[in-house]
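Each chain, written out:
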Amino acid sequence: ETGVTQSPTHLIKTRGQQVTLRCSSQSGHNTVSWYQQALGQGPQFIFQYYREEENGRGNFPPRFSGLQFPNYSSELNVNALELDDSALYLCASSRAGGGPANEKLFFGSGTQLSVL
Amino acid sequence: SQQGEEDPQALSIQEGENATMNCSYKTSINNLQWYRQNSGRGLVHLILIRSNEREKHSGRLRVTLDTSKKSSSLLITASRAADTASYFCATPIKGSARQLTFGSGTQLTVLP
């Protein structure tokens, strides 16, 4: 069990709607990343936040956006939902700096999003 | 797109046997990580191996890295039913250690 918590665990939306997913990072971690995992695939990097700013982005359109708050928690927002957005959304926290010991990611249990 | 590709896609073995999973990647890396995922939930970090290391051990896990072949392997010895999970290799995106690209995974089933 990691200290990363995500909410909600499951969500059903219809095409065109907007969704907000939330993540609380592990204590002492200052970096949050979001990943999308389609069924049967590996996770794909969406973006990362550090010091409340986006610090790297994968191949996702602008309708995927995020925020990081002063307490290092984070939100993932997806606008104009499409059917292909149905996936498990994973949040991972880590601590920037501090050498090799901090290079691993700690994942939450994810939010399963279904778009109908 | 996935940088790493695991092989095989699925593996079924008996308890007590060893399980070997392979990962190939495309670009130069400074480290490679292996993660485990139970039943489509969160991933758990298993081990990290650096590009200047050839082999690393952690309990029943043994990871090798061959940078000339751009490949890595994960060996689980004396497998248990509780090892049933999906296993993913992950490499840094553009040298950023905490931004990872994952392979498509190997689904391991350990039969009691």
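Residues numbered from 1 in each chain as written. Chains lettered and ligands numbered in written order. Predicted model: local features only at pLDDT ≥ 70, side-chain atom pairs only at ≥ 80, totals over all residues. Heavy atoms only, no water.

A.B. asks: Would you explain the state of the cysteines in this entry?
C.D. replies: What we call a disulfide is simply a covalent bond connecting the sulfur atoms of a pair of cysteines. Within this structure, the stated rule accounts for 2 disulfides over all chains. Two residues share a disulfide in this structure: A:C23 and A:C91, whose sulfurs sit 1.8 Å from each other. Here the S-S torsion is close to -60 degrees, and the disulfide linking A:C23 with A:C91 is therefore left-handed. With A:C23 in strand β3 (residues 19–24) and A:C91 in strand β9 (residues 87–94), this pair connects stretches of sequence that are 68 residues apart. Here A:C23 matches A:C91 in class, with each residue buried. Across a sulfur-sulfur distance of 2.0 Å, B:C23 and B:C89 are joined as a disulfide pair. Residues B:C23 and B:C89 are joined through a disulfide that is right-handed, its torsion about the S-S bond being 70 degrees. Of this pair, B:C23 sits in strand β3 (residues 19–24) while B:C89 sits in strand β9 (residues 85–93), placing them 66 residues apart in sequence. (Disulfide = S-S within 2.5 Å. Helix = DSSP H or I, 4+ residues; strand = E, 2+ residues; numbered from the N terminus. Buried < 20%, exposed > 50% of the residue type's maximum accessible area, 1.4 Å probe, protein only.)

A.B. asks: When you look at the pattern of salt bridges in this model, what are you seeing that I'm missing?
C.D. replies: For the structure shown, the criterion picks out 7 salt bridges over all chains. Across the pair A:R63 and A:D85 runs a salt bridge whose closest N-O atoms are separated by 2.8 Å. One end of the pair, A:R63, is in the loop between β6 (53–57) and β7 (64–68); the other, A:D85, is in the loop between β8 (74–78) and β9, with 22 residues separating them in the sequence. A salt bridge links B:R62 to B:E55, with the nearest nitrogen and oxygen atoms 3.0 Å apart. Residue B:R62 is classed as partly exposed on the basis of its relative accessible area of 29%. (Salt bridge = Lys/Arg side-chain N within 4 Å of Asp/Glu carboxyl O.)

A.B. asks: Got a minute to help me understand the interface of chain B and chain A in this structure?
C.D. replies: Think of interface size as the accessible area that goes away when the parts come together; that is how it is often given. Contacts between the two partners involve 22 residues from chain B, matched on the other side by 29 residues from chain A. In total, chain B and chain A occlude about 1,900 Å² of area from one another, counting both sides; carbon and sulfur atoms represent 48% of this. Counting across the interface, chain B meets chain A through 0 salt bridges. Where chain B touches chain A, the interface holds 8 residue pairs in polar contact (both at pLDDT 80 or more). Breaking the side of chain B that touches chain A down by element, the ones donating at least two residues are β4 (31–37), β5 (43–50), β9 and β10 (96–102) of chain B. Residue composition of the side of chain B that touches chain A, by class: 8 nonpolar, 11 polar and 3 charged. (Contact = heavy atoms within 4.5 Å. Buried area = accessible area lost by both parts, 1.4 Å probe. Polar contact = N/O pair within 3.5 Å; in protein donor to acceptor, adjacent residues only side chain to side chain. Nonpolar A, V, L, I, M, F, W, Y, C, P; charged D, E, K, R; others polar.)

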